[in-house]
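# Report on the structure
So you can see what is in the structure, the chains are spelled out below.
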Amino acid sequence: MNMNLWIYDIFVYIYALSLLFYFSDFVSENRKAKQLGTGLLVFVWLISGAFLIFRLLTELRMPVFQFTTFDILQLFSWILITASFIIGRYYKIDLIVFFVNVIGFSVFALNMYSSPKEGRSLELWQATRELLYVHISLVISAYAVLTIGALLSMMYLVVHHSLKRKKWTKWLRRFPSLEVMDRSIERMVVIGVPLLIMSLAIATISLVVEGRAYLLLDIQIVTSLCALGIYGYFIYQRSVNERSGQKIAQLYLLAYAFQLINMFSTELSAFH
């Protein structure tokens, strides 16, 4: 156990150090610090990915496949790191890369100091093992994408508030423009919402086939549907009414709030 904690400490400190280098680049535009931060983050990404593959291969050999909340959060953190690499490579929004990794680090650190064996098991659905794989991959991918959109929405509101009050600082110059953030938020919805819909469709089919349709009223299903409804209204306002700006960013954050309720209601749910 002490050896495990020692290894966890190393990974957490390396991840934290990478964020410090990223923050140094954010404050002073230090290219060398950014390169060091990226190198350390790649190391964490590789080790975390190797751990997930090992867990998957181990469970595939077992008679009953089980994924714990520890594994789910570990996968979520890994996907956030992967998303930050993609954003940094193709969109060049360094500030989003930093904040995405702050969230990823928080999940990673909290998860590392929990016990994998004590985490709640997400047992294999009675229908097919493949349905479980697809559902988990879709829903975690959707959460990662929509989390990035929530960060962009918060940044949009910060910049909008500063412009409205005519309070502009050097720090805010590192933020993307309102137009860039507005377009990026829309892209996150366009990508994330279909993933969320597909994951819910698979869950619904599985519950009906297994004769557990009563679980369609479970808190996690209900909060997911509420979030989808608000995201749907967001899409309507954007595409039909062509609305943008402060109100639309607030609408996005309202939908994401239901996602957070969903994420932290695992203990109250009988779905998994």
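Each chain carries its own residue numbering, running from 1 in the direction its sequence is written. Since the coordinates come from a predicted model, pLDDT governs what is reported: local features require at least 70, and pairs of side-chain atoms require 80 or more to be given and counted, while whole-chain, interface and lining totals use all residues. Side-chain calculation: all heavy atoms of the structure are included, whereas hydrogens and water are not.

Let us look at the overall build of the protein. The helix count covers DSSP runs of H or I at least four residues long, the strand count covers runs of E at least two residues long, and both are numbered beginning at the N terminus. Counting its secondary structure elements, the protein contains eight helices and two strands. Secondary structure elements of the protein occur, N-terminal to C-terminal, as α-α-β-α-α-β-α-α-α-α. Burial analysis of the protein (272 residues in total) assigns 44% to the buried set. Here, two residues are considered to be in contact whenever any of their heavy atoms come within 4.5 Å of each other. Taking the contacts inside the protein whose residues are at least 6 apart along the sequence as the reference set, 78% of them involve residues at least 24 apart. Surface summary for the protein: the accessible area is close to 14,500 Å², and the carbon and sulfur share equals 67%. Each residue gets one of three labels from its accessible area relative to the maximum for its type: buried under 20%, exposed over 50%, partly exposed in between, using a 1.4 Å probe on protein chains only. Areas reported as accessible are Shrake-Rupley estimates using a 1.4 Å probe. Residue values count occlusion only from the protein chains shown.

Before going further, it helps to spend a moment on the packing of aromatic side chains. Any Phe, Tyr or Trp ring, taking Trp's six-membered ring, that has another such ring centre within 6.5 Å forms a pair; planes under 30 degrees apart are called stacked, those over 60 apart edge-to-face, and the others tilted. The final tally for this structure, using the stated rule, is eight aromatic pairs. Ring geometry for Tyr15 and Phe108: centres 5.4 Å apart, planes at 65 degrees, overall edge-to-face. Residue Tyr15 is found in helix H1 (residues 2-28), and its partner Phe108 is found in helix H4 (residues 94-112); the two are separated by 93 residues along the sequence. Under the relative-accessibility criterion, Tyr15 is labelled buried at 0%. Between Tyr231 and Tyr252, the aromatic rings sit 5.4 Å apart at their centres with planes inclined by 70 degrees, giving edge-to-face as the arrangement.

What follows is about the pattern of salt bridges. Counted as salt bridges are all cases of a side-chain nitrogen of Lys or Arg within 4 Å of a carboxyl oxygen of Asp or Glu. As enumerated under the stated definition, the model contains three salt bridges in all. In this structure, Asp182 and Arg238 form a salt bridge, with 2.7 Å as the shortest nitrogen-oxygen distance. Here Arg238 lies in helix H7 (residues 219-239) and Asp182 lies in helix H6 (residues 178-209), a separation of 56 residues in the sequence. The same class applies to Asp182 as to Arg238, namely buried. Of the charged contacts, one joins Arg238 and Glu186 as a salt bridge, the two residues approaching to 2.6 Å between their closest N and O atoms. Highlighted residues: Arg238 in helix H7 and Glu186 in helix H6, separated in sequence by 52 residues. For Arg238, a relative accessible area of 13% puts it in the buried group. For Glu186, a relative accessible area of 30% corresponds to the partly exposed category.

Close reading of the predicted structure is inappropriate where its pLDDT is low. The quantity known as pLDDT measures the predictor's confidence residue by residue, on a range of 0 to 100. Chain-level statistics for the protein give a pLDDT mean of 79 and a share of 78% at 70 or above. Highest mean pLDDT in the protein belongs to helix H8 (residues 246-263) (90); lowest belongs to strand S2 (residues 121-123) (49). In the model, residues 122-127 has pLDDT below 50 throughout and makes 25 contacts with residues more than four positions away in sequence or in other chains.

Helix span is expected to be 1.5 Å times the residue number reduced by one. Under the 1.5 Å per step criterion, the end-to-end length of H8 is 26 Å for 18 residues, consistent within 8% with the ideal 26 Å. Along H8, the positions that sit buried rather than exposed are Ile248, Ala249, Leu251, Tyr252, Ala255, Tyr256, Gln259 and Asn262. Angularly, the buried residues of H8 cover 160 degrees about the axis, an arc narrow enough to put them on a single face. Working definition: the arc comes from the directions between the helix axis and the C-beta atoms, pointing outward to the latter.

Our next topic: the nonpolar core. Buried residues of nine kinds, namely Ala, Val, Leu, Ile, Met, Phe, Trp, Tyr and Cys, make up a nonpolar core once their side-chain atoms join them within 4.5 Å. Within the largest apolar cluster, 64 residues are counted, with the highest numbers of intra-cluster contacts made by Ile96, Ile148, Tyr231 and Tyr252. Of all the secondary-structure elements, those providing two or more residues to this core are H1, helix H2 (31-60), helix H3 (69-90), H4, helix H5 (129-164), H6, H7 and H8. With 15 residues, H5 is the largest single contributor of residues to this core. In contact with Tyr231, other than residues within four places in its own chain, are Leu146, Val189, Val193, Tyr252, Ala255, Tyr256 and Gln259.

Tracing the sequence through the fold places Ser153 in helix H5. Ser153 gets classed as buried once you look at its relative accessible area, which sits at 0%.

Turning our eyes to something else, we now look at the side chain of Ser77. Within the secondary structure layout, Ser77 lies in helix H3. On the accessibility criterion, Ser77 (0% relative accessible area) is buried. Filtering out sequence-adjacent residues up to four positions away, Ser77 remains in contact with Tyr15, Gly104, Val107 and Phe108.

Moving on, we get to the packing of H7 against H8. Throughout, an axis means a line fitted to C-alpha atoms (over the contacting stretch in the case of helices), and angles, computed between N-to-C directions, take values from 0 to 180 degrees. Axis separation between H7 and H8 bottoms out at 8 Å; the angle between their running directions is 165 degrees. Comparing the axis directions of H7 and H8 gives the class roughly antiparallel. Taken as a pair, H7 and H8 cross one another with a handedness that is left-handed. Residues Gln220, Thr223, Ser224, Cys226, Ala227, Ile230, Tyr231, Tyr233, Phe234, Gln237 and Arg238 of H7 form the contact with H8, whose own contacting residues are Ile248, Leu251, Tyr252, Leu254, Ala255, Tyr256, Phe258, Gln259, Ile261 and Asn262. When residues are grouped by polarity, Ala, Val, Leu, Ile, Met, Phe, Trp, Tyr, Cys and Pro land in nonpolar, Asp, Glu, Lys and Arg in charged, and all others, Gly among them, in polar. Residues that form the contact of H7 with H8 fall into these classes: 14 nonpolar, six polar and one charged. If an angle is under 35 degrees, it is roughly parallel; if it is over 145, roughly antiparallel; if it lies from 65 to 115, roughly perpendicular; otherwise it is oblique. Here is the rule for handedness: rotate from the far helix to the near one, and if that takes an anticlockwise turn smaller than a right angle the crossing is left-handed, while a clockwise turn gives right-handed.

Okay, the environment of Val42 next. Along the polypeptide, Val42 turns up in helix H2. For Val42, a relative accessible area of 31% puts it in the partly exposed group. In this structure the C-alpha to C-alpha distance between Val42 and Tyr15, which are 27 residues apart in sequence, comes to 9.6 Å.

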